[in-house]
Amino acid sequence: HGSALSGAAWSRLGGRLTARGITWSAPDFWGCGQRPFDPPGTGPFRLGADVQLARQALSALGRSLVVGHSYGGAIAMQLALETPEITDGLLLFEPAVVRVLREARDPEWAAVSALMQDDAVFDVARFVDFWSEPGGFQRLPLGEQARVLALAPAVEREVRALMDSPLTLADDARIPGPVWLVGGEQSPAPAKALLKQLELLGRFADKV
């Protein structure tokens with residue numbers, strides 16, 4: 001699942017899979033849904049903490065198609081690199097591997113970088129507007145605004161972990177297939193740029 005969401009984001013799709021007799025799992029990441037904020041251990045938060053949660057969820061299922069949205073897409077990619085024996089392919093909806101824009105020197109990197117560095121205090125409303133549309137946060141129902149604001153510490157931690165990921169485009173090119181990329185026609189320019197850079201690797205040529 002993406003930032004400011006939880007495994008419940010997949011409940012509608014999961015219900016349809018269950019009706020077809022398909023076993024599925026959608027774990028909450030640390031600080032989201034029913035999962036406590038702090039993972040075991042000490043030190044800076046890294047993507048590996050949530051990759052481990054995904055690995056645990058899949059270990060009981062055997063080889064699986066892994067579906068990831070935004071932050072969850074980045075987790076799915078790292079999972080496939082580290083544990084290819086339990087992944088049967090990836091379906092990625094705009095994976096938030098923002099490091100790709102930095103390494104590729106994509107023009108959209110400047111806007112993504114500024115989003116995190118302009119504010120001394122992480123502004124989750126600005127974050128929502130950036131990845132959706134201007135005024136998007138204010139148009140959310142008040143209850144949804146409150147829920148997103150409450151998740152701001154987890155969202156900030158996830159975003160900073162994405163920015164600090166040591167993985168590279170060369171690592172991405174080693175991800176075992178098949179891999180499908182999905183993007184929205186009205187998605188913001190950085191999201192489209194991410195997909196374009198991944199497509200250039202050749203390993204991510206299957207685009208829905």
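This text goes with the structure placed above it.
The structure displayed is predicted, hence computed values, not measured ones.

Chemist: What is the right way to look at the packing of aromatic side chains in this model?
Modeler: Evaluation of the coordinates by the stated rule reveals 3 aromatic pairs. Ring centres of Phe122 and Phe127 lie 5.7 Å apart, and the angle between their planes is 55°; this geometry places the pair in the tilted category. Each member of the pair, Phe122 as well as Phe127, is classed as buried. Here the aromatic rings of Phe130 and Trp131 are separated by 5.0 Å at their centres, their planes lie at 80°, and the arrangement is edge-to-face. Assessed through its relative accessible area of 22%, Phe130 is described here as partly exposed. The ring of Trp30 carries the charged tip of Arg35 above its face, separated from the ring centre by 5.6 Å.

Chemist: Help me understand unusual backbone geometry in this model?
Modeler: Omega for the bond connecting Gly177 with Pro178 falls within 30 degrees of zero, at 0°, which places this linkage in the cis form. Residue position: Pro178 is located in the loop between helix H9 (169-172) and strand E3 (179-182). Backbone geometry places Ser70, a non-glycine residue, at a positive phi of 55°. Mapped onto the elements of the fold, Ser70 is located in the loop between strand E1 (64-69) and helix H3 (71-82). For Glu94, which is not glycine, the phi dihedral falls at a positive 45°.

Chemist: Is there a simple way to explain the side chain of Thr83 in this structure?
Modeler: Turning to its location among the elements, Thr83 is positioned in the loop between H3 and strand E2 (87-93). A distance of 2.9 Å separates polar atoms of two side chains, one belonging to Thr83 and the other to Arg55.

Chemist: Sorry, what's going on with the environment of His1 here?
Modeler: Within the secondary structure, His1 sits in the segment before helix H1 (11-19). The class of His1 is buried, set by a relative accessible area of 5%. Sequence spacing of His1 and Gly68 is 67 residues, and the spatial spacing of their C-alpha atoms is 6.1 Å. The contacts of His1, once residues within four sequence positions are left out, are Ser6, Gly7, Trp10, Pro27, Asp28, Phe29, Cys32, His69, Tyr71 and Gly72. At 3.1 Å, the side chain of His1 and the backbone nitrogen of Phe29 are in polar contact.

About the thresholds
- Residues numbered from 1 in each chain as written.
- Predicted model: local features only at pLDDT ≥ 70, side-chain atom pairs only at ≥ 80, totals over all residues.
- Heavy atoms only, no water.
- Phe/Tyr/Trp six-rings, centres within 6.5 Å; stacked < 30°, edge-to-face > 60°.
- Buried < 20%, exposed > 50% of the residue type's maximum accessible area, 1.4 Å probe, protein only.
- Lys NZ or Arg CZ within 6 Å of the ring centre and 35° of its normal.
- Helix = DSSP H or I, 4+ residues; strand = E, 2+ residues; numbered from the N terminus.
- Polar contact = N/O pair within 3.5 Å; in protein donor to acceptor, adjacent residues only side chain to side chain.
- Contact = heavy atoms within 4.5 Å.

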